Amino acid sequence: MGRLVIVSNRVPVPEKGGAAGAGGLAVALKAALEDRGGIWMGWSGKTSGEDEPQPLSHQQQGNITYALTDLTDTDVEEYYRGFANRVLWPICHYRLDLAEYGRKEMAGYFRVNRFFAHRLAPLIKPDDVVWVHDYHLIPLAAELRAMGLKNRIGFFLHIPWPPADVLFTMPVHEEIVRSLSYYDLVGFQTDHDLENFAGCLRREGIGYEVGQGRFSAYGRIFKGGTYAIGIETAAFANFAKKASANKTVRRARESLQDRSLIIGVDRLDYSKGITQRIDAFERFVLANPAHQGHVTYLQITPKSRSEVPEYEAMQSMVAEQAGRVNGALGTVDWVPIRYVNRSVGRHILAGLYRLGKVGLVTPLRDGMNLVAKEYVAAQDPEDPGVLVLSRFAGAARELKQALLVNPYDIEGTANAIARALSMPLEERQERWKTMIDQLLEHDVSSWCRVFLEDLTASPVQTC
Ligand SMILES: O=P(O)(O)OC[C@H]1O[C@H](O[C@H]2O[C@H](CO)[C@@H](O)[C@H](O)[C@H]2O)[C@H](O)[C@@H](O)[C@@H]1O
Ligand SMILES: O=c1ccn([C@@H]2O[C@H](COP(=O)(O)OP(=O)(O)O)[C@@H](O)[C@H]2O)c(=O)[nH]1
């Protein structure tokens, strides 16, 4: 068995002293790398002014090599902030209104992918299997193939794939679709994303399905499949149980007094539906006077991509909205919304999820949404809380026993909050049991194993 080579924009290099803070994806991919030995390559997160970046920096940890490259300021501006986060991200999240096309940014995106390929290719041995992650690096396989690489190369898209009518508004859509055809396996989070992808191929006669999950396009045959990413379910459930003893979690519990906790946890991102959610919470409180003074809505929202204008604008918008609702509804002894605009460690989050009677996860569009899965895993089996989940999160394809809502329907979400808070114990337990069984069976390790098995079994590209 050849080594595994993982490529992603961000690389979670483990800190000294272990991976206590690492998320499930990092843990699962690290375990797969440890099994077969290999390389994890990506951006160091650092810039090198406008100078030619330094050579790749290597960090060896056991049989894993972390290979990190700096980028220039222009690279980061054009590739990461410009094209990845102001074109691909909004388009894939159905926000045509927010996409800012620029020829310079598009060129920068393809240039940085070529640069990644040139840095990576010399490290790859003929029987290595390469697994590329996410929208930042779609053209990487085409660049590697152009350099003569014949290895198996797989791609997994963590975010949604939109329908043809949405994707085709992007001037460079054909190049993006063509780039995917250079992979041996292209993985999506849900059946809807895969259907949308197939629809894009069909719409302009670019390609078609040839059976057994394979597509023919641009003279190449490749496989497409769905691989819903999971979490480390059993480990996370364990953290949550133990976290009750954590000082911060204990203080949070005491501060609630006898109020029911409603919890939301999201990066500050317009795709997460945070403003609609605050509106829904306000509507719920106004429509249910009996709950006034007896609920606390904790919204944990770390800053994200703050140098991208749309994200910067959201920062003050959400803070002002939370302040306005607190001003309008709060009383001298009750603050309805606790808005935390910074990151909280995973162990504490696990304990807070477990305190939450309602997990409010209402993105307008989301590839998967691991928070939804973590909330379920963290619950006390004897007295589980209720997940209120957007039907537009990838997680909704699996977690059908959540209270599924349309986040654009403010009144509907408000009603779901009320229903969740009054749901009888037996119904909560039944719903939770079905969801936790699903999450235990389809955890992040099985996601990783199944993707790699399918990639290894797929025929190698012959171009
Ligand atoms: O690296 P950033 O620009 O700071 O963004 C953070 C990550 O956000 C996205 O996450 C997605 O992947 C999750 C796991 O599959 C999925 O549950 C979620 O729905 C997606 O939004 C992005 O795709 C990552 O590449 C970023 O690192
Ligand atoms: O303060 C925070 C907020 C979020 N997260 C983690 O960040 C991830 C968010 O993943 P998700 O798929 O929900 O959304 P993304 O941010 O990747 O779009 C989850 O594992 C959360 O536990 C965290 O560790 N601390």
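What you see is a predicted model; the values in this text were computed from it and never measured.

**Q** So what about the site of ligand 2? Which residues, and what values?
**A** Looking at ligand 2, there are 14 residues lining it, with Arg267, Lys272, Val344, Leu370 and Glu374 nearest. In this structure, an oxygen atom belonging to ligand 2 sits 2.7 Å away from a main-chain N or O atom of Val344. Note that an oxygen atom of ligand 2 is positioned 3.2 Å from one of the backbone N or O atoms of Val371. When the free accessible area of ligand 2 is taken as 540 Å², the share hidden by the protein chains comes to 77%.

**Q** Outline the environment of Arg259, supporting the account with residue identities and numerical values.
**A** Looking at the secondary structure, you find Arg259 in the loop between α9 (247-256) and β11 (260-265). As a C-alpha pair, Arg259 and Val295 span 36 residues in sequence and 4.9 Å in three-dimensional space. Residues within four places of Arg259 in sequence aside, it is in contact with Gly293, His294, Val295, Thr296, Asp333 and Trp334. Separated by 2.9 Å, the side chain of Arg259 and the backbone oxygen of Gly293 make a polar contact.

**Q** Could you give an account of the site of ligand 1, naming the residues involved and the relevant values?
**A** Neighbouring residues of ligand 1: 17 residues in total, closest Arg10, Tyr80, Asp134, His158 and Asp366. Tyr80 has a polar side-chain atom sitting 2.5 Å from an oxygen atom of ligand 1. Between an oxygen atom of ligand 1 and a main-chain N or O atom of Gly367, the distance comes to 3.3 Å. Out of a free accessible area of 560 Å², ligand 1 has 81% covered by protein chains. For the shell around ligand 1, the residue count by class is seven nonpolar, five polar and five charged. For the shell around ligand 1, the two domains that each supply at least three residues are domain 1 (4-230 + 445-457) and domain 2 (233-440).

**Q** Just give me the short version of the domain arrangement of the protein chain, but keep the residues and values in it.
**A** Here the domain parsing of the protein chain yields domain 1 (4-230 + 445-457) and domain 2 (233-440). Computed from C-alpha atoms alone, the centre-to-centre distance between domain 1 and domain 2 is 30 Å. In this assembly, 28 residues from domain 1 lie in contact with 22 residues from domain 2. At the boundary of domain 1 with domain 2, total buried surface from both sides reaches about 1,900 Å², with 59% on carbon and sulfur atoms. Counting the surface domain 1 buries against domain 2, the share from its top three residues, Arg81, Arg86 and Trp89, is 25%. Our count for the domain 1 to domain 2 interface comes out at three salt bridges.

**Q** How would you summarise the sheet that holds strand β14 (residues 356-361) if you had to cite specific residues and measurements?
**A** Adjacent strands of a sheet form backbone hydrogen bonds with each other and so pair up, either parallel or antiparallel. Taken in spatial order, the six strands line up as β13-β12-β11-β14-β15-β16 in an open sheet, and their pairing is parallel. With one partner strand each, in any of the chains shown, β13 (337-340) and β16 (403-405) form the two edges of the open sheet. Here the strands of the sheet are splayed against their neighbours by 20° on average, with no regard to which way each runs. Sitting on the sheet, helix α13 (residues 370-377) is in contact with β11, β14 and β15 (386-390), with an inclination near 165° to β14.

Reading the values: the criteria
Residues numbered from 1 in each chain as written. Chains lettered and ligands numbered in written order. Predicted model: local features only at pLDDT ≥ 70, side-chain atom pairs only at ≥ 80, totals over all residues. Heavy atoms only, no water. Near = heavy atom within 4 Å. Polar contact = N/O pair within 3.5 Å; in protein donor to acceptor, adjacent residues only side chain to side chain. Areas by Shrake-Rupley, 256 points an atom, 1.4 Å probe, with all protein chains shown as cover. Helix = DSSP H or I, 4+ residues; strand = E, 2+ residues; numbered from the N terminus. Contact = heavy atoms within 4.5 Å. Nonpolar A, V, L, I, M, F, W, Y, C, P; charged D, E, K, R; others polar. Domains from an automatic or database assignment. Buried area = accessible area lost by both parts, 1.4 Å probe. Salt bridge = Lys/Arg side-chain N within 4 Å of Asp/Glu carboxyl O. Pairing = 2+ DSSP bridges. Axes fitted to C-alpha atoms, helices over the stretch in contact; angles between N-to-C directions.

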